[in-house]
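Per-entry structural report
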Amino acid sequence: CKTSREMRSQDPSQRRVLDNATRQRRLTRQLEALEKDNFQDDPHASLPQLVKRLPQFDENNESGKRRKKTRGDHFKQRFRKNFQALLEEEDLSVSEGPNYLTACAEPSKLPQRHFCAVCGFPSNYTCVSCGARYCCVRCLGTHHETRCLKWTV
Amino acid sequence: MTTLVLDNGAYTAKIGYSHEKVSVLPNCQFRSKTLRLKTYTANQLDEIKDPSGLFYILPFQKGYLVNWDVQRKVWDHLFGKEMFKVDFADTSIVITEPYFNFTSIQESMNEILFEEYQFQAALRINAGSLSGHRYFQENNSELCCIVVDSGFSFTHIIPYCRGRKMKDGICRINVGGKLLTNHLKEIISYRMTQFISYDRLKGEENMVMKDYVLPDFSSIKKGFCKPREEMNFTGKYKTGEQILRLTNERFAVPEMLFHPADIGIQEMGIPEALVNSINKMPEEMQPHFYNNIVLTGGNTLFPGFRDRVYKEVRALAPTEFEVSVVQPQNPICYAWEGGKLLAENPDFEEMVVTRDDYEENGHFICEEKFDI
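The rules we used
- Residues numbered from 1 in each chain as written.
- Chains lettered and ligands numbered in written order.
- Predicted model: local features only at pLDDT ≥ 70, side-chain atom pairs only at ≥ 80, totals over all residues.
- Heavy atoms only, no water.
- Helix = DSSP H or I, 4+ residues; strand = E, 2+ residues; numbered from the N terminus.
- Buried < 20%, exposed > 50% of the residue type's maximum accessible area, 1.4 Å probe, protein only.
- Contact = heavy atoms within 4.5 Å.
- Areas by Shrake-Rupley, 256 points an atom, 1.4 Å probe, with all protein chains shown as cover.
- Phe/Tyr/Trp six-rings, centres within 6.5 Å; stacked < 30°, edge-to-face > 60°.
- Lys NZ or Arg CZ within 6 Å of the ring centre and 35° of its normal.
- Pairing = 2+ DSSP bridges.
- Axes fitted to C-alpha atoms, helices over the stretch in contact; angles between N-to-C directions.
- Core = buried A, V, L, I, M, F, W, Y, C linked by side-chain atoms within 4.5 Å.
- pLDDT = per-residue confidence, 0-100.
- Salt bridge = Lys/Arg side-chain N within 4 Å of Asp/Glu carboxyl O.
- Parallel < 35°, antiparallel > 145°, perpendicular 65-115°, else oblique.
- Left-handed = near helix turned anticlockwise from the far one by under 90°.
- Nonpolar A, V, L, I, M, F, W, Y, C, P; charged D, E, K, R; others polar.
- Disulfide = S-S within 2.5 Å.

Counting secondary structure elements, chain A contains five helices and two strands. In chain A, the succession of α and β elements from N to C terminus is α-α-α-α-β-β-α. Out of the 153 residues belonging to chain A, those deemed buried represent 25%. A sequence separation of at least 24 residues applies to 35% of the contacts in chain A between residues at least 6 apart. Carbon and sulfur atoms form 52% of the exposed surface of chain A, whose accessible area is close to 11500 Å².

Following this line, the structure appears as structure tokens:
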């Protein structure tokens, strides 16, 4: 187990320090990752579709099926836009009055509270290299060992 | 002519005929990573034998309907033989949409309801308006109310006056159940791998700490909390169960609804946004809004939510005004119940757009009649 002296003495010349802009970018990307809708792309989408189409001897049945299928394809092409594309389509910057963008809540007037990235209790200190918060020297040690600049967001 | 009420949410769909009860079903499709080419829709989740390798396909993204493929498949299943057996020519539908819905999505929905499913008549409305209607039905002396709709994708604060929503006061906080779950997932996966015994109160004294037993899908199908008597405060458990020990996450995660800045989202929390919204309203109406705050949506089911909102709003509101926060018994189905009442309302016939109207006038008439 490391002594507190060993944990505190991180040689400054060896550690990379991120500047404010990079820290802000990492934070934004982390927040966007939280907004993920918890669904993954279909891993079976790349597999060839098993077409189990038995020969149809009934004429009416076939024409009915064909009509349904073309309708489905038409919808597929038209209605597959993602959220960002739809938002840009709306072109809200030119419209007046309340809309999706103006309805967003404003920044809070209360001061921001900070919590330790390791244990979750209130923190007073910031990591010199990456900007993460910690509450005590033990948490700093854990942070340096496991998380600090250890992965790309 | 029967009316089908569908509260189309990003997480669950609340659906039922207006003369019957409501069913709450997941609004998505499931596929198994192990068994290929078998897709389950909505409530077929119970039929899956091996729930460990599932993944979801959601039609909603950031709260708005983008993937019509999946949504139509879910609706096909719900309207079809196994579920509600809808007779389209004889049914009108009340369906909910998110606030400030995009025009392309509204038009697509019109097309799908009238041209593909061929409902007799349709009414597209915000979920909050249905909640407001339900509230005014119970308290018909009140003129104004303000609805807090906290769901899966985001939280909206909507003021209503005499049944019409006040667009200037609508406020959206981008924190919803999805964000809370994702955040909890992240901090658990980090903290459980570290041996953190930084509980300020050790062992028995710590009233907040709880152990959660994880499901392993063979003997334990669903996870559950260990009762306090069985908890082992010193040392490890002898049984082979996987345990998650939760301490401050239990309240730190829902706290994000009240202070999104805790995690870095620069927005106001629910109480602040409520006061902000009310301050944008004309002065004569403000005391009425403070007196009629309604909490709806799944996130309001956290224990102590209502008291916390009351305390914070009371602290921020001017002392002359009375503050009253109401939480209905079933916040998830409150909007659906409003839809049911609306369908029985004598004015209902004038609010809907019938299929003939749509075929004559197209999207224009829907834009006029529906107040989205």
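Right, let's get into the packing of aromatic side chains. This model, assessed by the stated rule, comprises 20 aromatic pairs over all chains. Each ring, one from Trp 75 of chain B and one from Phe 79 of chain B, has its centre 6.2 Å from the other, and the planes form 25 degrees; the classification is stacked. One end of the pair is Trp 75 of chain B and the other is Phe 79 of chain B, both in helix α1 (residues 68–79) and four residues apart, which spans about a single turn. There is no split in this pair, since Trp 75 of chain B and Phe 79 of chain B are both buried. Between Phe 88 of chain B and Tyr 117 of chain B the ring centres are 5.6 Å apart and the planes differ by 35 degrees, which places this aromatic pair in the tilted class. Of the two residues, Phe 88 of chain B sits in the loop between α1 and β9 (91–97) while Tyr 117 of chain B sits in helix α2 (residues 103–117), which places them 29 residues apart along the sequence. By relative accessible area, Phe 88 of chain B is classed as partly exposed at 23%. Ring pairing ties together the aromatic residues Trp 68, Trp 75, Phe 79, Phe 88, Tyr 117 and Phe 119 of chain B, which thus form one cluster. In this structure, Arg 147 of chain A is placed above the aromatic ring of Tyr 190 of chain B, and the distance from its NZ or CZ to the ring centre is 3.7 Å.

This part covers the sheet that holds strand β10 (residues 121–126) of chain B. Residues and elements named next belong to chain B. What the six strands build is an open sheet, ordered β3-β2-β1-β9-β10-β20; its pairing is mixed. Taken across any chain shown, the strands that pair with only one partner, and hence form the sheet edges, are β3 (23–26) and β20 (353–354). Taken together, the five bridges between strand β1 (residues 2–8) and β9 define a ladder with parallel strand orientation. The partner of Val 5 across the bridge, within β9, is Val 94. Relative to β1, α1 is tilted by about 140 degrees, and along the sheet it contacts β1, β2 (12–17), β3 and β9. The strands that helix α3 (residues 127–138) touches are β1, β9 and β10; relative to β10, the one it contacts most, it runs at about 90 degrees.

A word on the nonpolar core. Generally speaking, nonpolar side chains in soluble globular proteins are found buried as a group. Trp 75, Phe 79 and Ile 93 of chain B are the most contacted members of the largest nonpolar core, which has 73 residues in total. In terms of nonpolar packing, the next biggest core, distinct from the first, is built from 39 residues, Leu 31 and Ala 105 of chain A together with Met 256 and Val 309 of chain B among them.

Residue and element names in this part refer to chain A. In this model, chain A carries a mean pLDDT of 71, and residues with pLDDT of at least 70 account for 61%. The low-confidence segment residues 48–56, where pLDDT is below 50, has five contacts with residues more than four positions distant or belonging to other chains. Scored below 50 in pLDDT, residues 58–73 shows seven contacts in the model against residues more than four places distant or in partner chains.

The next point concerns the pattern of salt bridges. Pairs can form between side chains of opposite charge once their charged atoms are near each other. Summed over all chains, the structure comprises 11 salt bridges over all chains. For Glu 255 of chain B, the salt bridge identified is with Arg 308 of chain B, shortest N-O distance 3.0 Å. Here Glu 255 of chain B, found in the loop between α5 (249–252) and α6 (270–279), pairs with Arg 308 of chain B, found in helix α8 (residues 305–316); they are 53 residues apart in sequence, far enough to count as distant. Exposure remark for Arg 308 of chain B: the relative accessible area of 24% places this residue in the partly exposed category. Residue Arg 306 of chain B is joined to Asp 307 of chain B by a salt bridge in which the shortest nitrogen-to-oxygen separation is 2.8 Å. For Arg 306 of chain B, a relative accessible area of 27% translates into the label partly exposed. The exposure class assigned to Asp 307 of chain B is partly exposed, which follows from its relative accessible area of 49%. When salt bridges with common partners are traced through the structure, they connect Arg 113 of chain A together with Glu 255, Asp 262, Arg 308 and Glu 312 of chain B into a single cluster.

This part is about the pairing of strand β15 (residues 210–213) of chain B. On a regular strand, each side chain points to the face opposite its neighbour's, so the side chains alternate between the two faces of the sheet. Residue and element names in this part refer to chain B. Judged by which residues are buried, β15 turns out to be one-sided: Asp 211 and Val 213 face inward and are buried, whereas Lys 210 and Tyr 212, on the alternate face, are not. Of the strand pairs in this sheet, β15 and strand β17 (residues 243–246) are connected by four bridges, and their pairing is antiparallel. Residue pairing for β17: Tyr 212 is matched across the bridge by Leu 244.

Moving on, we come to the packing of α6 of chain B against α8 of chain B. Residues and elements named next belong to chain B. Look at α6 against α8: their axes get within 9 Å of each other, and the N-to-C directions meet at 50 degrees. When the axis of α6 is compared with that of α8, the two are oblique. α8 is crossed by α6, and the crossing has right-handed handedness. Across the interface between the two elements, Ile 270, Pro 271, Glu 272, Leu 274 and Val 275 from α6 touch Phe 305, Val 309, Glu 312, Val 313 and Leu 316 from α8. Residues that form the contact of α6 with α8 fall into these classes: eight nonpolar, no polar and two charged.

All names here are of chain B. The backbone of Lys 85 shows a phi angle near 45 degrees, a positive value even though the residue is not glycine. With respect to the element layout, Lys 85 can be found in the loop between α1 and β9. The phi angle at Phe 100 is positive, at roughly 55 degrees, despite the residue not being glycine. On the secondary structure map, Phe 100 appears in the loop between β9 and α2.

Moving on: the state of the cysteines. The full count for this structure, using the stated rule, is zero disulfides over all chains. Among the cysteines around Cys 104 of chain A, which has no disulfide bond, Cys 171 of chain B carries the closest sulfur, lying 7.6 Å off. Here Cys 119 of chain A is not disulfide-linked; the sulfur of Cys 135 of chain A is the nearest cysteine sulfur, at 3.5 Å. A residue is classified by how much of its surface remains accessible, and Cys 119 of chain A, at 5% relative accessible area, is buried.

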